[in-house]
Every structure is written in structure tokens, then in C-alpha cells.
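Geometric and topological summary
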Amino acid sequence: MVVHLATNASLLNSVETFQRAVYAIHSFGMALPLIEWGFIFLPLLFHGFVGVWIAVNGRSNTSNYPYINNRRYTWQRWTGLIALVFLLVHVFHLHGWFHFHVWLDLVAHPLGMANFKPYNAASTLARAMGSWPWRIFYLIGVLACVYHLANGLWTAGITWGLWISAAAQERATKICTVFGVLLAFVGVAAWWGAIVTDPVKAETIENRMYPAAVEAGAVPLSVEKRTQPDPTVEAPADPDDAAEELEKPEDPEEPKTP
Ligand code: HEM
């Protein structure tokens, strides 16, 4: 989450910075779905379902002992629930969950989901975050995730026996609070970056970067990872056709502008 929010916050620096970061992620090529499912989706789903089980079966004693740490436990469960809903919707909204055609054509796209195109990263993100209901949803979701992580580290430290004494727990509270505040700042920066980006200007920059990145071998060529219809290629139906388009030499007769 720290890496993810920092990557997204890099959009505040420039469209180019964010696009380069997304290219770096997508340079894994065919291995990317394995990394996503093995290290992100499945662990998160596991954590989500175990969390719901605990939230449903755990017994809160906050009404008997209304101390701050008990209230933190209640908040932990509520933010966990918000984070679960946020993540299920967020990954559907931008990624689409699955990338096979039947799913995209019959489910994700008709529902207005799977909006993020990695080779048009900033412009598609900015368009996906273009309305206030989505913006508010993201702000609440990001802050809930940040609280859940920062406070969750504190409770995990107790479970693992890292801070047992009252003094150690107090020190850990301070460290987790600083971590949470800093991460919230990065999260809001990521959110803000997506809101203030002009998608039209961003798309122009992305379309300039794309042929250079493919030619340099930084990313594998993929028409599907671009805004559709692909604005830089005449007939984008087949990735092989697009490859030929990119490889076409420039017309030597065409006058060059200085
Ligand atoms: C304003 C804040 C956020 C922005 C702008 C943002 C943006 C994005 C983008 C652009 C993607 C890529 C979709 C794709 O690969 O097709 C993505 C995926 C994802 N995001 Fe976020 N995100 C934000 C907050 C969060 C938070 C708080 C979490 C919590 C853990 C999160 C978890 C994920 C996950 C699990 C994925 C799917 C991973 C993947 O595609 O490989 N995001 N997000």
C-alpha cells in the first residue's frame, strides 16, 4: 500500500513520472498477472475474508469499557469493512479484476468498469476519477485503508509480543500514529494528483512516450493497454498490426518541420 500510494502520488510531480512508474510495473509482461494474483489479490482476499469472520464472530467490549484502545478496536473493524468494500470496487473500477475478453465485454465494460489503461496511465486515471461521487468514495476508502493499516500494525505488534508493557505500547502508539499521518498525507496526495490532472494534456504526453518506450524495449507492445480506439495507430484491432504500424519507416518525402 505504501508503494502503491507513493507511485500514484508521483502523478503530482508530472504525467511523465507516473507513466514511467507504470511502465516499470508493466515491464514484468506475462509475469504480471501471476504477481498480481499471487502477491496482491489472493493475500488481500484471504485477509478480507478472515477479517469479516473475526468482525462477525469477535465480541466487542467497548460498551463495558469505553477506553480509547477499545474504541480503536471498533474503528479497526469498521475501517476493515470499508476497506474491503473499497478494494473490491476499486480494483473492479480501474483494473476490472480479470482481463479476458468475455468478462471485459459482457461484464466490466457495460458496467463502466476496468477504466485504467496502463499505457495511458494518468489520462485514464483522471477520467475514471472525473466525478465527485467517485472522488468522495476514493477519499473515504483511502483514509479507511490507512487507518486500518496503521492501527492494525499496532494490534499486530501486541499479538506477536513485540510491545507488551504499557510503556512499550505507548511508544508503539506514537510510532504508528506518525506512520499513519504520513501515509494519509501520501494517500491524499495520490487522490489529489488524480483530480487535478488534465486528461487531454496527459494523453498527448502519453502518446508521445509510448512509441519511444516500446522501441527502447522498456515495455512489451500492447494495444489493449492503451485508450480505445488507440489514438496513435490507424487500425488497432490486432496487436501484430499495431507492431507493424510502429515499425513503419517515416516517409522520406514528407517535409520536416524544424
Ligand atoms: C487515491 C488513491 C488511489 C489511487 C489513485 C489508486 C490507483 C490505482 C491504479 C491506477 C491501479 C491500477 C489498475 C490496473 O493495474 O489496471 C490500482 C490498482 C490497485 N489498487 Fe489502487 N489506488 C488508490 C488507493 C488504493 C488503496 C488505498 C489501496 C489499498 C490497499 C489500493 C489497492 C489497489 C489494488 C490491490 C490494486 C490492484 C493491483 C493491480 O492492479 O496490480 N489502491 N490502483
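The shown structure was predicted, so the numbers you read here are calculated from the model rather than taken from an experiment.

A count of helical and extended segments in the chain gives 10 helices and zero strands. For the chain, the residues scored as buried account for 23% of the 258 residues in total. Nonlocal contacts in the chain, meaning residues at least 24 apart in sequence, comprise 65% of its contacts between residues at least 6 apart.

Within the largest apolar cluster, 30 residues are counted, with the highest numbers of intra-cluster contacts made by Ala122, Leu125, Val146 and Ala194. Breaking this core down by element, the ones donating at least two residues are helix H1 (2–9), helix H2 (15–26), helix H4 (68–95), helix H6 (121–128), helix H7 (132–159) and helix H8 (166–196). With nine residues, H7 is the largest single contributor of residues to this core. Sequence-distant contacts of Val146, that is, excluding residues within four places in its chain, are made with Gly180, Leu183, Ala184 and Gly187.

Here the focus is unusual backbone geometry. Backbone geometry at Trp97 places phi at a positive 70 degrees, although glycine is not the residue there. Within the secondary structure, Trp97 sits in the loop between H4 and helix H5 (101–108). Positive phi, close to 55 degrees, is recorded for Ala114, a residue that is not glycine.

The subject of this paragraph is the UniProt feature "transmembrane region" (unreviewed entry) in the chain. Within this numbering scheme, the UniProt entry marks residues 37–57, 78–98, 136–163 and 175–194 as carrying the feature "transmembrane region" (unreviewed entry). Between the C-alpha atoms that bound residues 37–57 there is a distance of 28 Å. The span itself is 100% helix and 0% strand. The annotated region residues 175–194 carries 100% helix and 0% strand content, and the separation between its end C-alpha atoms amounts to 29 Å.

With that settled, the discussion passes to the packing of H7 against H8. Their axes nearest at 9 Å, the elements H7 and H8 cross at an angle of 160 degrees. Comparing the axis directions of H7 and H8 gives the class roughly antiparallel. For H7 against H8, the interelement crossing comes out right-handed. Each residue belonging to the contact of H7 with H8 can be placed in one class, and the counts come to 17 nonpolar, six polar and one charged.

Turning our attention to helix H3 (residues 32–57). When the terminal C-alpha atoms of H3 are compared, their 36 Å separation across 26 residues agrees well with the 38 Å that a helix rising 1.5 Å per residue should span. In H3, a bend of some 30 degrees at Gly38 exceeds every other bend along the element. Among the 26 residues in H3, zero count as buried, and that is only a small part of the element.

Moving on to the site of the ligand. The immediate surroundings of the ligand are formed by 21 residues, with Leu94, His95, Phe116, Cys145 and Trp191 found nearest. Among the residues forming the shell around the ligand, the class breakdown is 15 nonpolar, five polar and one charged.

A few words now on H2. Note: α-helices contain 3.6 residues per turn, so residues at a spacing of three or four share the same orientation. Taking 1.5 Å per residue as the helical rise, H2 with its 12 residues ought to reach 16 Å, and the 16 Å between its terminal C-alpha atoms agrees with that figure. Residues of H2 that are buried include every one of Val15, Phe18, Gln19 and Val22, and no others. Seen end-on, H2 carries its buried residues on one side only, within an arc spanning 100 degrees.

On to the environment of Ile195, then. Its location among the elements puts Ile195 in helix H8. Note on Ile195: 16 C-beta atoms within 10 Å, which makes it partly exposed. As for Ile195 and Arg135, which are separated by 60 residues in sequence, their C-alpha atoms are 7.8 Å apart. Dropping the residues within four chain positions of it, Ile195 is found in contact with Met129 and Arg135.

This part is about the environment of Arg77. Tracing the backbone through its elements, the reader meets Arg77 in helix H4. Taking the C-alpha atoms as reference points, Arg77 and Ile54, separated by 23 residues in sequence, lie 8.6 Å from one another.

Taken over all residues, the pLDDT of the chain has a mean of 88, while the share at 70 or more is 84%. Looking across the chain, the model is least confident in helix H10 (residues 239–247), with a mean pLDDT of 54, and most confident in H6, with 98. Note that residues 249–258 has pLDDT below 50 and, in this model, zero contacts with residues that lie over four places away or in other chains.

Basis of the calculations
Counting of residues starts from 1 at the beginning of each chain's written sequence and follows it residue by residue. It should be noted that, the model being predicted, local features are given only for residues of pLDDT at least 70 and side-chain atom pairs only at 80 or more, the latter also being counted only at that level, while totals for whole chains, interfaces and linings use all residues. The secondary structure listing takes helices from DSSP runs of H or I that are at least 4 residues long and strands from runs of E that are at least 2 residues long, numbered from the N terminus. Whether a residue is buried, exposed or partly exposed is read from the other C-beta atoms within 10 Å of its own C-beta, which are placed from the backbone; 20 or more gives buried, 12 or fewer gives exposed, and intermediate counts give partly exposed. Note that contacts rest on C-beta atoms placed from the backbone: two residues are in contact if these are within 7 Å. In this description, a nonpolar core means buried residues of the types Ala, Val, Leu, Ile, Met, Phe, Trp, Tyr and Cys, linked to one another by C-beta atoms lying within 7 Å. UniProt positions are given in the numbering used here, feature names are shortened, and annotations may be inferred rather than shown by experiment. Angles shown run from 0 to 180 degrees and are taken between the N-to-C directions of axes, each axis being a line fitted to C-alpha atoms and, for helices, limited to the stretch in contact. The cut-offs work like this: below 35 degrees is roughly parallel, past 145 is roughly antiparallel, 65 to 115 is roughly perpendicular, and the gaps in between are oblique. Crossing handedness is read from the near helix: turned anticlockwise from the far helix by less than a right angle, it gives a left-handed crossing, and turned clockwise, a right-handed one. Throughout this entry, Asp, Glu, Lys and Arg are counted as charged residues, while Ala, Val, Leu, Ile, Met, Phe, Trp, Tyr, Cys and Pro are counted as nonpolar. The remaining residues, Gly among them, count as polar. Expected span of a helix, by definition, is 1.5 Å for each gap between consecutive residues, and there is one gap fewer than residues. A residue's bend is simply the angle between two axes: one fitted to the seven residues ending at it, one to the seven starting at it. Defining nearness, a residue is near a molecule or strand when the C-beta atom obtained from its backbone falls within 6 Å of it. The arc in question is the one spanned by the directions pointing from the helix axis to the C-beta atoms. Each residue carries a pLDDT score, the predictor's own confidence in it, on a scale running from 0 to 100.

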